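Chain by chain, the residues:
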Amino acid sequence: MDIARTPSNPAGNPEMADAAVEPVDPATIFRKNYTPPSWLVPEIRLDFDLGTELTKCVATLKVERNPAGDGDQTLHLCGDNLAVMSLKVDGADAEGWSMSGSNLLLPLTGTSHEVTIETHLHPATNSQLMGLYASSGMLCTQCEAEGFRRITFFPDRPDVLSKYTVRMEGDKETFPVLLSNGNLVETGEGEAGRHWALWDDPWPKPSYLFALVAGQLVANRDTFTTMNGRKVELAVWVREGDLERTDHAMRSLINSMKWDEETFGREYDLDQFNIVAVSDFNMGAMENKGLNIFNTRYVLADPETATDGDYDGVEGVVGHEYFHNWSGNRITCRDWFQLSLKEGFTVLRDQMFSADMGSEPVKRIEDVRVLRAAQFPEDSGPLAHPIRPDSYQEISNFYTATVYNKGAEVIRMMHTMAGPEAFRKGTDLYFERHDGEAATCEDFVKAMEDGAGLDLAQFRLWYEQAGTPKVTMRAEFDQSEGAVTLHFTQKVPATPGQPSKKAMPIPIKVALFDRDTKAHDGEKLLIVDKDKAEFTFKGFTRPPVISANRGFTAPIQLDAEQGDDDLVFLAANDDDAFARYEALQQLVTRELLGAIENGPDEKRRTAIADAMGAVLDDTQIDDLMRGELMMMPAVTFLLELAAPADPVALHDARERLKGYIGSRLRDRLIALHERASAIGYSLSAEARGARKVKTQALVLLSAADAKEAAARAEAQYRAADNMTDRQGALMVLAGIDCPARAELLEDFRKRFEGNALVTDKWFALQAGSLDPMVLDTVEALSNHADFTIKNPNRVRSLYMTMAVNQPAFHEESGRGYRMIADLVLKLDPLNAQTAARFIPALGRWRKIEPKRAAMMRAELERIAKAEGLSKDTREQVTKSLD
Ligand code: 0A1
Ligand code: ZN
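Predicted, not measured: the structure shown is a model, and the values here were computed from it.

With respect to the confidence of the model for the protein chain
Detailed reading of the predicted coordinates is not advisable wherever pLDDT is low.
Then comes step 1: Summarising the model, the protein chain shows a mean pLDDT of 96, and 97% of its residues fall at 70 or more.
Then comes step 2: A low-confidence stretch, residues 1-24 (pLDDT under 50), is modelled with 33 contacts involving residues beyond four sequence positions or located in other chains.
Then comes step 3: Two summary scores accompany this predicted model of the complex, namely pTM at 0.97 and ipTM at 0.99.

Structure representation (structure tokens):
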């Protein structure tokens, strides 16, 4: 990495000389301490002289005293791993400046100045992938949240908005394509094979939205004409061999642009929109103004190499980044505590978009599955935080399922309470009122109150309180009155720093079914806003069956205290697809939690297999929904409901139940597999559904009779003309000890040699397998020629897959824990952000039985003891041990 100081440091700056040896103090930043910036930067010009080893950057800032600031005459500029090569104020060498740690302090005398700073960057050795870095020969940037300070010294905070002009110059052969934000205004040839480009972004933006890309790229081009007739040039930029895999991303972009106009009235505001795919990227993608930078994984897709799930991922992420143009860019965040303002809202927008492009109920089930598997455990563990956190040490650690997914659920509740039309009035008002501003979550809530006509006084608690509310519902029937009363209780559990909680308004949709007619008299929206609440409904001659939290209207754990018979009834008859799914999931959950204590319950198992059989036979539902209904709840979700448990025992019980269902329904599953196999490849809902049930049938069959299923999986693999079938078959085979396993894994590797995204799948298939030798395999794979710790996708495909593979990670000896801790220690100095993301898996020790919990803690302690740990990892480890 680059050094913090260089000989160019002017003499007489003692603070700077000390900077490198100063102990790193992971100071905590508090939301309540927000103060407006003392200086604004209305304009910035950046001049880049590009090189992979050395890039020179000259930044010219027009700075102005902020009338709303505290009057501090010193300009505070953030820096990270930067040295000042030259510093001028109004054209003359600057005087009296100093370093405070890695930041630059520049005392100024007037109210407006021009500050010019030169910095030198070393993209080739930037392994953190923040700031300017090299990825397979190209140069690109990542600035959110605090990466811009690795490019130049700047007030790197989201409430400082500037107009950017960017000039980039470099060798034409190495960097034929030169991209930045906004519109391309001029290009030209330089000396000695060099060329340059000048970009201008008319929209003021915070530094985290700055981007540049330079490299050998080719484009898939198209155009989109907006609702007011602006013709936008669209381009998806990739490396040459990848061009034929970009059509789905382009189609998704065009669909997103149209959808946002129709659904939210939002129009695009530049003449160009560029997407660039990069293979080394810490996250999914980034919404830089007019120049979205993507992990290749969310751009490239064709039937041979991408599964249906991958196609959905591309569509969702392309939509997500595009929607940020309004929810994030035109209206940005005042400070990073407001992150959910842009992320929660944008996730909701991308969920609605995907639902509209495909199947709404299936999308809802998928989103709830992710929430339960990833966010619920976070909300009940040591890293729990409100969707609007009160403090942080390293903001990168707060790009979480809570801020994103629970954030989306909170806004979805507003949508549910307001209804779609009033909700749209609220968002219209929000966009109109705050366009061009750095806003707060409070601004959003207020706009919703004023525009949608909601009273959200108590609802604001959803922004303040962490923890998944636990809600109980009990139905009481009064024969003489013909009345049914629903008694609710709610409790928001204590979370770190929040020992006692207040009751929140929880919108719950219910329907009351007549047992005989199997009908109900309409959905009702109940708002449970106290510790205890009750609602009475009249006109019943017998106790109805209650379908509750239909559509999952609130992100809660609901215990509806229903008997198995009622759940069986709802699994068969509920007209709300989510509620039907939920009834079956609850029945399975009850069975599995009971099974680890007392063994299986024969009656319930039979009921589950019967219900599953009905799902297989039901001609009213499509295969996409059938596939969802065939899946068992995740072990991580089950652990949320159990007392500290043995995760391997839970996993085994889950496998046994799958095996029971697989043998009870063998013939029907085989028939389903055969019916689905006859449907040819296309991206239609029918064909996608067929592929989904095909693999789900194999999953159940393999748990019953591994040998028989192996033959069927092998046939599916050999006949496959697409990645969904091929990966599905191999996933099943990877868990079965049979000759085809090694042969087909090798076939898969060879067939797609050189394709990085499919090689990731090859690693993940093995690391996620049910093979008892999986940890040996992971260890061997870490030494494979195709493994590299430097590529986050590759690291995740091997190690994150293992960390979520419950029997592997929780292997009795503690070896899984040790391997993850070893990885964290090795990765942390190279890529702190990616390393820190592995800590939560170990931090879940409180949910695990004491013997394993002690080993998990011991690994956390070993990490905590390491010297020179990054701020990212240090924060997560310390909190996980508390
Ligand atoms: N704003 C992006 C997420 C993102 C955050 C940080 C990053 O730094 C490595 C990258 C991307 C989004 O929500 O898509
Ligand atoms: Zn986002």
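Okay, back to it.
Some remarks on the pairing of strand 5 (residues 86-89)
Then comes step 1: Judged by which residues are buried, strand 5 turns out to be one-sided: L87 and V89 face inward and are buried, whereas S86 and K88, on the alternate face, are not.
Then comes step 2: Pairing of strand 5 with strand 6 (residues 92-93), which is carried by two bridges, proceeds in the antiparallel orientation. Within strand 6, the position partnered with V89 by the bridge is A92.
Then comes step 3: Hairpin connection from strand 5 to strand 6: two residues lie between these consecutive antiparallel strands, with D90 at a positive phi of about 50°.

Observations regarding the nonpolar core
Then comes step 1: Core analysis: the biggest nonpolar cluster contains 248 residues, and V213, V276, I293, V299 and I820 have the highest contact counts within it.
Then comes step 2: It is helix 11 (residues 577-598) that contributes the most residues to this core, 10 residues altogether.
Then comes step 3: Non-local contacts of I820, meaning those with residues more than four positions away in its chain, are made with Y799, A803, F838, A841 and L842.

Some points on the sheet that holds strand 29 (residues 532-538)
Then comes step 1: What the four strands build is an open sheet, ordered 29-26-25-31; its pairing is mixed. The strands lining the two open edges of the sheet, one partner per strand, are strand 29 and strand 31 (557-559). Each strand axis lies, on average, 20° off the axis of its neighbour in the sheet, ignoring direction.
Then comes step 2: Pairing of strand 25 (residues 470-478) with strand 26 (residues 483-491) involves nine bridges; the strand directions are antiparallel. From the neighbouring strand, K470 faces strand 26, where its bridge partner is K491.

Let's talk about helix 21 (residues 756-767)
Then comes step 1: Look at helix 21: 17 Å from first C-alpha to last across 12 residues, which is about the 16 Å you get at 1.5 Å a residue.
Then comes step 2: Within helix 21 the residues assigned to the buried category are L757, T759, D760, K761, W762, F763, A764, L765, Q766 and A767.
Then comes step 3: On the buried face of helix 21, the contacting elements are helix 19 (723-734), helix 20 (739-751), helix 22 (774-782) and helix 23 (792-804).

Notes on the packing of helix 18 (residues 706-719) against helix 19
Then comes step 1: Between helix 18 and helix 19, the least distance of the axes is 8 Å, while the angle of their chain directions is 155°. When the axes of helix 18 and helix 19 are compared, the pair comes out roughly antiparallel. Crossing of helix 18 against helix 19: the hand is left-handed. Here A709, A710, A713, E714, Q716 and Y717 of helix 18 lie close against helix 19, whose contacting residues are D725, R726, A729, L730, V732 and L733.
Then comes step 2: Split into classes, the residues belonging to the contact of helix 18 with helix 19 amount to eight nonpolar, one polar and three charged.

Calculation notes
Residues numbered from 1 in each chain as written. Chains lettered and ligands numbered in written order. Predicted model: local features only at pLDDT ≥ 70, side-chain atom pairs only at ≥ 80, totals over all residues. pLDDT = per-residue confidence, 0-100. Contact = placed C-beta atoms within 7 Å. Buried ≥ 20, exposed ≤ 12 C-beta atoms within 10 Å, placed from the backbone. Helix = DSSP H or I, 4+ residues; strand = E, 2+ residues; numbered from the N terminus. Pairing = 2+ DSSP bridges. Core = buried A, V, L, I, M, F, W, Y, C linked by C-beta atoms within 7 Å. Axes fitted to C-alpha atoms, helices over the stretch in contact; angles between N-to-C directions. Expected span 1.5 Å × (residues − 1). Parallel < 35°, antiparallel > 145°, perpendicular 65-115°, else oblique. Left-handed = near helix turned anticlockwise from the far one by under 90°. Nonpolar A, V, L, I, M, F, W, Y, C, P; charged D, E, K, R; others polar.

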